[in-house]
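Topology and contacts: notes
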Amino acid sequence: MINENETLNIDAIWSSDFYYFLGFGGKGILVFSSGQAFGGDSHHTYSGKYEFLNEFLYVTIKVLQYTQEPISELAKYKEHTIVLKGKPNNYEFEMFGYLEGLPDPVMKTTLVRRAELK
């Protein structure tokens, strides 16, 4: 949690430990910088944006699969957009996500701050 003397600043490099409710998961990197979000894992690239609404962080990222091998049930979507929502802090927090246009959550990720942007 952020103490009362600390300002929230998520612009940094974060590790992402994610789990899709379809039964698979993985690890990746997300970089937040001045409203932009980008990163990737061993099969996908991520690019998009983030914004704050009240105390929540919303991240909208386009996910592009760059490998040929099908790795999950989402492989049928070589390109898809995920919207994540969570209550951030400066160290570690969880976000839940859904595929854009579908109402039900499909994933959860835990983000851990790993390095500062210089």
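Before any of the text, the structure's been laid out above.
Scope of this entry: the structure provided in the associated data block. Source: prediction; values computed, not measured.

Counting secondary structure elements, the protein contains zero helices and eight strands. When the helices and strands of the protein are placed in sequence order, the string is β-β-β-β-β-β-β-β. For the protein, buried positions account for 41% of its 118 residues. Of all intrachain contacts in the protein linking residues separated by at least 6 positions in sequence, the fraction that spans at least 24 positions is 42%. For the protein, the computed accessible surface area is about 7,100 Å², with 52% contributed by carbon and sulfur atoms.

Another point: the packing of aromatic side chains. A complete count under the given rule lists five aromatic pairs for this structure. The interplanar angle of 75 degrees and the centroid separation of 5.3 Å between the aromatic rings of tryptophan 14 and phenylalanine 93 together place this pair among those described as edge-to-face. With tryptophan 14 in strand β1 (residues 12–20) and phenylalanine 93 in strand β7 (residues 92–99), the pair connects residues that are 79 residues apart, well separated along the chain. The buried category is assigned to tryptophan 14, whose relative accessible area is 0%. Taking relative accessible area as the criterion, phenylalanine 93 reaches 5% and is therefore assigned buried. Put simply, the rings of Trp14, Phe32, Tyr50, Phe52 and Phe93 touch in pairs and so form one group of aromatic residues. Taking the ring centre of phenylalanine 56 as reference, the NZ or CZ of lysine 85 above it sits at 4.5 Å.

Once that is clear, we can look at the pattern of salt bridges. For the structure shown, the criterion picks out four salt bridges. When the shortest N-O distance is used, the salt bridge between lysine 108 and glutamate 94 registers 3.4 Å. Of the two residues, lysine 108 is situated in strand β8 (residues 107–116) and glutamate 94 in strand β7; the sequence distance between them amounts to 14 residues.

On to the nonpolar core, then. Nonpolar side chains in soluble globular proteins generally cluster together in the buried interior. Ranked by internal contacts, the top residues of the largest apolar core, which has 23 residues, are Phe32, Leu57, Val59 and Ile82. Elements with a minimum of two residues in this core: β1, β2 (24–33), β4 (44–53), β5 (56–65), β6 (79–86), β7 and β8. Sequence-distant contacts of isoleucine 82, that is, excluding residues within four places in its chain, are made with Tyr20, Val59, Thr60, Ile61, Val63, Gly97, Tyr98, Leu99 and Met107.

We now examine the sheet that holds β2. Spatially, eight strands are ordered β1-β2-β3-β4-β5-β6-β7-β8 in a closed barrel, and the strand pairing comes out antiparallel. With direction set aside, neighbouring strand axes in the sheet form an average angle of 30 degrees. Sheet topology places β6 next to β7; five bridges connect them, and they run antiparallel. Bridge pairing in β7 places lysine 85 opposite phenylalanine 96.

Basis of the calculations
- Residues numbered from 1 in each chain as written.
- Predicted model: local features only at pLDDT ≥ 70, side-chain atom pairs only at ≥ 80, totals over all residues.
- Heavy atoms only, no water.
- Helix = DSSP H or I, 4+ residues; strand = E, 2+ residues; numbered from the N terminus.
- Buried < 20%, exposed > 50% of the residue type's maximum accessible area, 1.4 Å probe, protein only.
- Contact = heavy atoms within 4.5 Å.
- Areas by Shrake-Rupley, 256 points an atom, 1.4 Å probe, with all protein chains shown as cover.
- Phe/Tyr/Trp six-rings, centres within 6.5 Å; stacked < 30°, edge-to-face > 60°.
- Lys NZ or Arg CZ within 6 Å of the ring centre and 35° of its normal.
- Salt bridge = Lys/Arg side-chain N within 4 Å of Asp/Glu carboxyl O.
- Core = buried A, V, L, I, M, F, W, Y, C linked by side-chain atoms within 4.5 Å.
- Pairing = 2+ DSSP bridges.
- Axes fitted to C-alpha atoms, helices over the stretch in contact; angles between N-to-C directions.

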